[in-house]
Amino acid sequence: MEFLKNRLRDVRDAINYIRYFHKFKKVGKRCVMSKPLRLTNLQNVELGEKVYILPGLRMETLEYKDGVQFNPLIKIGNGVTIGQNAHIFCASGITIGDNVGIGGNVMINDCAHGYADLDAPIQDQPISTKPIEIGENTLIGNNVLILPGVKIGRNCCIGGNVVIAKSVPDYSVVSAPRPRAVVMPH
């Protein structure tokens, strides 16, 4: 039975390689990606070993926009799990350490549109970028937004529904404030 399991795993790995993995800059052993996926410019993405990606991932790197050249690189460590409908967008650098768990509907984005010219639409203004780092053994809850320039330390727990706009030191817990109960008079 174990022999058959190993052969089936080998077949799955071969199918994933043919379908996606040959497009990546680097892919470790035993990576699994579940469809549907939206992946662009994978030559700028490195996957470690045993990366598990649930359905709905949107992963993009931006190399060129409005005459500006970018050098994006997404590095995902060993043993990383990425939840459903996550979105990772990179124009400079995103590094995810080993054994990181990323919940569903998480957005990790290392760039932002400017808004200096008040007469121009925001989407037409220049992009600024700052790299993002997520330390090893960190858990990121559902519906989290991680903004450009953030460094999340090792062994952190980021609760659901949080916007991370500032760096977080090692061994930290970040959570959204509890909503207050509203008591209506009779």
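Residues numbered from 1 in each chain as written. Predicted model: local features only at pLDDT ≥ 70, side-chain atom pairs only at ≥ 80, totals over all residues. Heavy atoms only, no water.

Turning to the overall build of the protein chain, a few remarks are in order. Check the secondary structure of the protein chain and you find 1 helix and 23 strands. Reported as C-alpha extents along the three principal axes, the dimensions of the protein chain are approximately 65 × 55 × 35 Å. In the protein chain, which comprises 186 residues, the proportion classed as buried is 39%. Considering only residue pairs separated by 6 or more positions, the protein chain has 29% of its internal contacts joining residues 24 or more positions apart. As presented, the protein chain carries roughly 11100 Å² of accessible surface, and 55% of it is formed by carbon and sulfur atoms. In the protein chain, the 22 positive side-chain charges and the 16 negative ones have mean positions that sit 8 Å from each other. (Helix = DSSP H or I, 4+ residues; strand = E, 2+ residues; numbered from the N terminus. Buried < 20%, exposed > 50% of the residue type's maximum accessible area, 1.4 Å probe, protein only. Contact = heavy atoms within 4.5 Å. Areas by Shrake-Rupley, 256 points an atom, 1.4 Å probe, with all protein chains shown as cover. Lys, Arg positive; Asp, Glu negative; His and termini not counted. Charge placed at Lys NZ, Arg CZ, Asp CG, Glu CD.)

So, about the pairing of strand β6 (residues 58-61). Bridging between strand β3 (residues 38-40) and β6 involves 3 bridges; their strand directions are parallel. Bridge pairing in β6 places Leu39 opposite Met59. The pairing of β6 with strand β11 (residues 87-90) spans 4 bridges and is classified as parallel. If you follow Glu60 over to β11, its bridge partner there is Phe89. (Pairing = 2+ DSSP bridges.)

For Phe24, the location among the structural elements is in the loop between α1 (2-19) and β1 (26-27). By relative accessible area, Phe24 is classed as buried at 7%. As a C-alpha pair, Phe24 and Thr40 span 16 residues in sequence and 9.9 Å in three-dimensional space.

To continue, consider the sheet that holds strand β12 (residues 94-96). Reading across from one edge, β1-β4-β9-β12-β17-β20 is the order of the 6 strands in this open sheet, with parallel pairing throughout. Looking at strand neighbours, the two that pair on one side only are β1 and β20 (151-152), the edges of this open sheet. Sheet topology note: the strand β17 (residues 132-134)/β20 ladder contains 2 bridges and is parallel. Following the sheet pairing, Ile134 is matched in β20 by Ile152.

With that settled, consider unusual backbone geometry. With omega at 0°, the peptide bond leading from Lys35 into Pro36 counts as cis. Considering the arrangement of structural elements, one finds Pro36 in the loop between β2 (32-33) and β3. Its identity as a non-glycine residue notwithstanding, Asn143 has a phi of 65°, on the positive side. Relative to the helices and strands, Asn143 is located in the loop between β18 (139-140) and β19 (145-146).

This part covers the sheet that holds β11. Strand order in the open sheet made by the 6 strands is β3-β6-β11-β14-β19-β22, with parallel pairing throughout. The sheet terminates laterally at β3 and β22 (163-164), the two strands that pair on one side only. Strand direction decides the pairing type here: β19 and β22, joined by 2 bridges, are parallel. The residue of β22 that forms the bridge with Ile146 is Ile164.

Relative to the helices and strands, Ile53 is located in strand β5 (residues 52-53). Among the residues examined, Ile53 registers a relative accessible area of 0% and is labelled buried. Once the C-alpha coordinates of Ile53 and Cys31 are considered, the two residues, 22 residues apart in sequence, prove to be 8.1 Å apart.

Another aspect to go through is the environment of Ser175. Position of Ser175 among the secondary structure elements: in the segment after β23 (173-174). Each C-alpha atom, one on Ser175 and one on Gly103, is 14 Å from the other, the two residues being 72 residues apart in sequence. Sequence-distant contacts of Ser175, defined by excluding residues within four places in its chain, comprise Gly159 and Val162.

Read these as spatial facts, not as claims about activity.
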